[in-house]
Amino acid sequence: MQSDTAILYNYDYLLNRAIEKLPKRGVAKAYDIPQLEVEYEGEHTVVKNLSFVSERLRRDPRIVMRFLLKELGAPGALRPDNNMVIYKRISAKSIQDLYARFLESYVKCPTCQSYDTELIREGKKWYIRCLACGAITYVRPV
Ligand SMILES: [Zn+2]
């Protein structure tokens, strides 16, 4: 008798083979999305990998920063290395929650759930263009 585990294994194997045949497009799935790394310098909060994360998400770090600061109602700035300092002590949980909201609103394609998207600004109109399915989704400017 064949066990359920063996069946699942075969299914995974076939699925992985199918995925391998798809063209590689960089960041695509939720598990590929890096988390923000937060540390503290006295009463300041530093997002020490904002530059790296923004690059992976194809987003301008200034957009990610503006979104976070607006939602936190706290002052902050980008450092010369494009990482971010918030002039207030903010819990890592608050920052992760907001980051999750940013991903939902400004990165993820609502049509196919891919994170492989671009944020395009045309004057006052902002939209997400999905590189996986081509869908256009209008979003509120940050
Ligand atoms: Zn899509």
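Summarised in this report is the structure supplied together with it. (Residues numbered from 1 in each chain as written. Predicted model: local features only at pLDDT ≥ 70, side-chain atom pairs only at ≥ 80, totals over all residues.)

Time to look at the overall build of the protein chain. Helix and strand counts for the protein chain stand at four helices and seven strands. Sequence-ordered secondary structure for the protein chain, helices as α and strands as β, is α-β-β-α-α-β-β-α-β-β-β. Taking all 142 residues of the protein chain together, 20% fall into the buried category. For the protein chain, the proportion of contacts with a sequence separation of at least 24, taken over those separated by at least 6, is 43%. (Helix = DSSP H or I, 4+ residues; strand = E, 2+ residues; numbered from the N terminus. Buried ≥ 20, exposed ≤ 12 C-beta atoms within 10 Å, placed from the backbone. Contact = placed C-beta atoms within 7 Å.)

Taken in spatial order, the three strands make up an open sheet running β5-β6-β7, and their pairing is antiparallel. Where the open sheet ends on each side, the last strands, each with one partner, are β5 (117-122) and β7 (136-139). Averaged over all pairs of adjacent strands, the angle between strand axes in this sheet comes to 30 degrees, irrespective of strand direction. Inspection of the sheet shows strand β6 (residues 125-130) paired to β7 by four bridges, in the antiparallel sense. Of the residues in β7, the one forming a bridge with Arg 129 is Ile 136. (Pairing = 2+ DSSP bridges. Axes fitted to C-alpha atoms, helices over the stretch in contact; angles between N-to-C directions.)

On to the packing of helix α2 (residues 50-57) against helix α3 (residues 61-72). One can describe the packing of α2 onto α3 by two numbers: an axis separation of 9 Å at closest approach and a directional angle of 110 degrees. Relative to α3, α2 is oriented roughly perpendicular. α3 is crossed by α2, and the crossing has right-handed handedness. The segment α2 lies against α3, with Leu 50, Ser 51 and Ser 54 engaging Pro 61, Val 64 and Met 65. Residue composition of the contact of α2 with α3, grouped by class: four nonpolar, two polar and no charged. (Parallel < 35°, antiparallel > 145°, perpendicular 65-115°, else oblique. Left-handed = near helix turned anticlockwise from the far one by under 90°. Nonpolar A, V, L, I, M, F, W, Y, C, P; charged D, E, K, R; others polar.)

Turning to the packing of α3 against helix α4 (residues 92-106), a few remarks are in order. In the contact formed by α3 and α4, the axes pass within 10 Å of each other and the chain directions differ by 125 degrees. On the basis of their axis angle, the class for α3 and α4 is oblique. For the crossing formed where α3 meets α4, the hand is right-handed. Listed contacts from α4 to Val 64, Phe 67, Leu 68, Glu 71 and Leu 72 of α3 are Ile 95, Leu 98 and Phe 102. Classifying every residue of the contact of α3 with α4 by side-chain character gives seven nonpolar, no polar and one charged.

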